[in-house]
Amino acid sequence: MTKFRVQMVNKYTLEVLDDDDTEFDNLEDAEAYCLECSSNFATGAEVLDDAGRSFEDPDEVDFVVINID
């Protein structure tokens, strides 16, 4: 049975920046989690920016769903 995971990757180099170890049994749940991660990441980056701390630019990262065996 196919399982899915979410990875945070650099949009330009496709380098994997973070690999979440949460596994999903279906694509729909993984995609919903992917959207949630993207939203949370953007919010966290904004909060850090407001506090004067630098962080990975949310415009340079993407969250993608991958198949795992």
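Structure shown above.
As a starting point, this report considers the structure included with it. Position numbers for residues count from 1 along each chain, tracking the sequence in the order it is written. The predicted origin of the model limits local features to residues at a pLDDT of at least 70 and limits the giving and counting of side-chain atom pairs to 80 or more, whereas totals for whole chains, interfaces and linings rest on all residues. The side-chain values count all of the structure's non-hydrogen atoms but skip hydrogen atoms and water molecules.

### Section: the state of the cysteines
Alright, step 1. Disulfide: a pair of cysteine sulfur atoms within 2.5 Å of each other. A complete count under the given rule lists zero disulfides for this structure.
Alright, step 2. As a non-bridged cysteine, C34 has C37 as the owner of its nearest cysteine sulfur, 6.7 Å distant.
Alright, step 3. Here the term buried applies to any residue with accessible area under 20% of the maximum for its type, exposed to any over 50%, and partly exposed to those in between, with areas from a 1.4 Å probe on protein chains only. Classification of C37 as buried rests on a relative accessible area of 15%.

### Looking at the packing of aromatic side chains
Alright, step 1. Within 6.5 Å between ring centres, the rings of Phe, Tyr and Trp (the latter by its six-membered ring) count as paired, and their orientation is classed by plane angle as stacked under 30 degrees, edge-to-face over 60, tilted in between. Following the criterion strictly, the structure yields two aromatic pairs and no others.
Alright, step 2. Plain terms: the ring middles of F24 and Y33 are 5.2 Å apart, the flat faces sit at 45° to each other, and that makes the pair tilted.
Alright, step 3. The class for F24 is buried, based on a relative accessible area of 13%.
Alright, step 4. On the basis of an interplanar angle of 65° and a centroid distance of 5.8 Å, the ring pair of F41 and F63 is categorised as edge-to-face. Taken as a pair, F41 in helix α1 (residues 27-50) and F63 in strand β3 (residues 61-68) lie far apart in primary sequence, 22 residues in all. Across the pair, F63 and F41 agree in class, each one buried. A run of H or I in DSSP becomes a helix once it reaches four residues, and a run of E becomes a strand once it reaches two; helices and strands are each numbered from the N terminus.

### Here's the deal with the pairing of strand β2 (residues 16-19)
Alright, step 1. Any two strands with at least two DSSP bridges between them are considered paired. Judged from the three bridges that link them, strand β1 (residues 3-10) and β2 form a sheet pairing that is antiparallel. When the sheet's bridge partners are listed, Q7 is paired in β2 with D19.
Alright, step 2. Counting the residues in the hairpin turn of β1 and β2 gives five residues, including L14, whose phi is positive at 65°.

Just geometry here; none of it tells us what the structure is for.
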